[in-house]
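Next come the chains, spelled out residue by residue.
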Amino acid sequence: MLGGIHFFAGASTSIFLTNNYLLAPIIGIVSHHLLDRLPHLDLNIMQPPNDHLSTANMKVKLFVFGELVILTLFTLMLTIEYFNSSLVHLTIAILGGLGGIAPDVFTILFKEKLKKFKVFKAYFDFHKNFHFKLKEKKLKYCFLPILTEIIVLIASFALIDIAASFILTH
Ligand SMILES: [Zn+2]
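About the cut-offs
Counting from 1, residues in each chain are numbered in the order their sequence is written. Residue-level local features of this predicted model are given only where pLDDT is at least 70; pairs of side-chain atoms are given and counted only at 80 or more, and the full residue set underlies all totals for whole chains, interfaces and linings. Only DSSP runs of H or I reaching four residues or more are called helices, and only runs of E reaching two or more are called strands; each is numbered from the N terminus. Burial is judged by counting other C-beta atoms within 10 Å of a residue's own C-beta: 20 or more means buried, 12 or fewer means exposed, and anything between counts as partly exposed, with every C-beta placed from the backbone. Remark: residues whose backbone-derived C-beta atoms lie within 7 Å of one another are considered to be in contact. A set of buried Ala, Val, Leu, Ile, Met, Phe, Trp, Tyr and Cys residues, joined to one another through C-beta atoms within 7 Å, is what we call a nonpolar core. Comment: axis = line fitted to C-alpha atoms, over the contacting stretch for helices; angle = value between 0 and 180 degrees taken between N-to-C directions. Geometric relationships in this document are graded by angle, where less than 35 degrees denotes roughly parallel, more than 145 denotes roughly antiparallel, 65 to 115 denotes roughly perpendicular, and other angles denote oblique. Amino acids are sorted into nonpolar (Ala, Val, Leu, Ile, Met, Phe, Trp, Tyr, Cys and Pro), charged (Asp, Glu, Lys and Arg) and polar (every other residue, Gly among them). Expected helix span is computed as 1.5 Å times (number of residues minus one). What the bend at a residue measures is the angle between two axes, fitted to the seven residues ending there and to the seven starting there. We call a crossing left-handed when the near helix sits turned anticlockwise from the far one by less than a right angle, and right-handed when that turn is clockwise.

Caption draft 1: Quick look at the overall build of the protein. A tally of regular secondary structure across the protein gives six helices and zero strands. Counting every position in the protein, which comprises 170 residues, the buried fraction comes to 29%. Of the contacts formed within the protein by residues at least 6 apart in sequence, a portion of 77% connects residues at least 24 apart.

Below, the structure written as structure tokens:
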């Protein structure tokens, strides 16, 4: 799943489930690993050498980074709009969203340095193995993976909408 979708899903799930600042990033991290299980599209569709961010070409990097920036801003604007600029909800969205992208950021930045430590190696292995694998790297097999991303987007939107209406009626 792309970074921005992980941020959006982490933020919306946190907003839906809690207003506790400690729980929000944990919910974000859990949402990340659960979403990784679904058939989805991310760099796994790219052929080597573009299947890893560090070796990806400029276009791929721009797309990955752009998607993250756009959906992060969208998430924050949506939260401000839906919750009348409530600082608590904005903070929960940011903490949940950061939790949502934390596993990938952590893995991309620190895997090489930390994999010699058993405990981190175990986590990196878990992250890799508890993850859907796209067997055929061909575009015609991407319908379901793309559909999953769209469904997660809509579900994230719905969670924020439901959470906001719940507050209004209570
Ligand atoms: Zn991941």
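Caption draft 2: Inspection of the environment of G66 at higher detail. Looking at the secondary structure, you find G66 in helix α3 (residues 58-82). Judged by local crowding, G66 falls into the exposed class, with 11 C-beta atoms found within 10 Å. For the pair G66 and G4, spaced 62 residues apart in sequence, the C-alpha to C-alpha distance is 8.7 Å.

Caption draft 3: Highlighting the environment of V69. Mapped onto the elements, V69 comes out in helix α3. Note on V69: 13 C-beta atoms within 10 Å, which makes it partly exposed. Distance in space between the C-alpha atoms of V69 and G4 is 6.9 Å, their sequence separation being 65 residues.

Caption draft 4: Fine view of unusual backbone geometry. With a phi angle near 45 degrees, N84 is a residue other than glycine that sits in the positive phi range. Residue placement: N84 occurs in the loop between α3 and α4 (87-114). Residues other than glycine seldom take positive phi values, yet S85 does so here, at roughly 60 degrees. Judged by local crowding, S85 falls into the exposed class, with 10 C-beta atoms found within 10 Å.

Caption draft 5: Local environment of the nonpolar core. Ranked by internal contacts, the top residues of the largest apolar core, which has 23 residues, are I5, F8, I15 and I160. Elements with a minimum of two residues in this core: α1 (3-17), α2 (23-37), α3, α4 and α6 (143-169). Broken down by element, this core gets its largest block of residues, six residues, from α1. Discounting residues that sit within four places of it in the chain, I5 has contacts with L71, E149, V152 and L153.

Caption draft 6: The arrangement of the packing of α1 against α3 in detail. The geometry of α1 relative to α3 is characterised by a closest axis approach of 7 Å and an angle of 25 degrees between their N-to-C directions. Taken together, the axis directions place α1 and α3 in an arrangement best described as roughly parallel. Side by side, α1 and α3 meet where G3, G4, I5, F7, F8, A11 and I15 of the first sit next to V64, E67, L68, I70, L71, T72, T75 and T79 of the second. For the contact of α1 with α3, the residue count by class is nine nonpolar, five polar and one charged.

Caption draft 7: Region of the structure containing α4. For α4, which comprises 28 residues, the first-to-last C-alpha distance of 36 Å sits more than 12% below the rise-based estimate of 40 Å (1.5 Å per residue). Of all the bends in α4, the greatest reaches close to 45 degrees and is centred on A102; the proline P103 follows between one and four positions later. Taken as a whole, α4 has its buried residues at H89, I92, A93, I94, L95, G96, G97, G99, G100, I101, P103 and D104. On its buried face, α4 is in contact with α1, α2, α3 and α5 (118-129).

Caption draft 8: Geometry of the packing of α2 against α4. Look at α2 against α4: their axes get within 7 Å of each other, and the N-to-C directions meet at 40 degrees. The orientation of α2 relative to α4 falls into the category oblique. Relative to α4, α2 is oriented so that their crossing is right-handed. Taking contact as the criterion, the partners of A24, P25, I26, I27, G28, I29, S31, H32 and H33 in α2 are, on α4, I92, L95, G96, G97, L98, G99, G100, A102 and P103. Looking at side-chain class alone, the contact of α2 with α4 contains ten nonpolar, eight polar and no charged residues.

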